[in-house]
Amino acid sequence: MEINRRQFFKISGASAVGIAFGTLGFDMTPIESYAYSLRIIHAKQTPTICPYCAVGCGILVHTIDGKVVNTEGDPDHPINGGNLCSKGMAVYQLSHNNPNRLTKPLCRRPYADKWEEVSWDVALDKIALHIKKSRDEAFETTNAKGQTVNRTMGIASLGSAALDNEECFLYQKFLRSLGLAYIEHQARI
Ligand code: SF4
């Protein structure tokens, strides 16, 4: 039988491994094996898109009884073919059942060294007050050339990588309606 160089190395490698295991005392007798039962075997699988950057990798989300039990790259997705970067791999942390996720607004008062929990009413009133004040104080109707601009340069927006397309659309509408010009996304920070 004629063998080429590539086949020679494959045969040699397999033989060497067999000899090595035999010499070390491993039992090489074939045994019956069982498939490992995956924890997602009874889970519902939902395809989605990674929210972190514009690459738009596909992710599969597995849920059992409404709780996320696993996230992984979608092998059928044309963009990433199942691969994810480290941020995409950690997207599980965004799941609603992550115990480390904040569920209440936190406030750090002036000169305080601790955060305290406040209600949504208190937090939203405070945020609205600051936004209105900053916007109005810095609002410009025209620029130096006399052109209409209707903008505020006193506020910038940075975020949010965890929003989906529809939320981003609404967020943009909200910011533009306030007159913001400094709008950026923080996915790669
Ligand atoms: S953050 Fe990573 S996994 Fe997510 S879309 Fe971008 S490259 Fe893909």
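Residues numbered from 1 in each chain as written. Predicted model: local features only at pLDDT ≥ 70, side-chain atom pairs only at ≥ 80, totals over all residues.

Caption draft 1: Fine view of the nonpolar core. Cys 50, Tyr 52, Cys 57, Ile 59, Leu 84 and Val 91 form the largest nonpolar core, which has six residues in total. When near neighbours in sequence (up to four residues on either side) are disregarded, Cys 57 contacts Cys 50, Gly 73, His 77, Ile 79, Asn 80, Leu 84 and Gly 88. (Core = buried A, V, L, I, M, F, W, Y, C linked by C-beta atoms within 7 Å. Buried ≥ 20, exposed ≤ 12 C-beta atoms within 10 Å, placed from the backbone. Contact = placed C-beta atoms within 7 Å.)

Caption draft 2: Just the site of the ligand, in detail. As a structural note, the neighbourhood of the ligand is formed by Cys 50, Tyr 52, Cys 53, Val 55, Gly 56, Cys 57, Asn 80, Leu 84, Cys 85, Lys 87 and Gly 88. Its residues assigned to classes, the shell around the ligand comprises seven nonpolar, three polar and one charged. (Near = placed C-beta within 6 Å. Nonpolar A, V, L, I, M, F, W, Y, C, P; charged D, E, K, R; others polar.)

Caption draft 3: Main features of the environment of Gly 58. Mapped onto the elements of the fold, Gly 58 is located in strand E2 (residues 58–64). The spacing of Gly 58 and Pro 78 is 20 residues in sequence and 8.1 Å in space, taken between C-alpha atoms. If near-sequence neighbours (up to four positions away) are discounted, Gly 58 is found in contact with Pro 47, Ile 49, Asp 74, His 77, Ile 79 and Asn 80. (Helix = DSSP H or I, 4+ residues; strand = E, 2+ residues; numbered from the N terminus.)

Caption draft 4: How the structure looks around helix H4 (residues 165–178). Compared with an ideal rise of 1.5 Å per residue, which puts 14 residues at 20 Å, H4 spans 20 Å between its outermost C-alpha atoms and is within 8% of the ideal. In terms of burial, H4 is a largely surface element, zero of the 14 residues being buried. Immediately beyond the C-terminal end of H4, within one or two residues, lies Gly 179, with a positive phi of roughly 100°. (Expected span 1.5 Å × (residues − 1).)

Caption draft 5: Inspection of the sheet that holds strand E8 (residues 180–184) at higher detail. Pairing is mixed in the open sheet, where three strands are placed in the order E6-E7-E8. Whereas interior strands pair on both sides, the edge strands pair on one side only; in this sheet they are strand E6 (139–142) and E8. With strand direction ignored, the average angle separating the axes of adjacent strands in the sheet is 30°. Of the pairings in the sheet, the one linking strand E7 (residues 148–158) to E8 comprises four bridges and is parallel in character. Bridging across to E8, Leu 158 finds its partner in Glu 184. (Pairing = 2+ DSSP bridges. Axes fitted to C-alpha atoms, helices over the stretch in contact; angles between N-to-C directions.)

Caption draft 6: Up close: helix H3 (residues 120–138). When the terminal C-alpha atoms of H3 are compared, their 27 Å separation across 19 residues agrees well with the 27 Å that a helix rising 1.5 Å per residue should span. In terms of residue burial, H3 counts as a barely covered element, since only zero of its 19 residues are buried.

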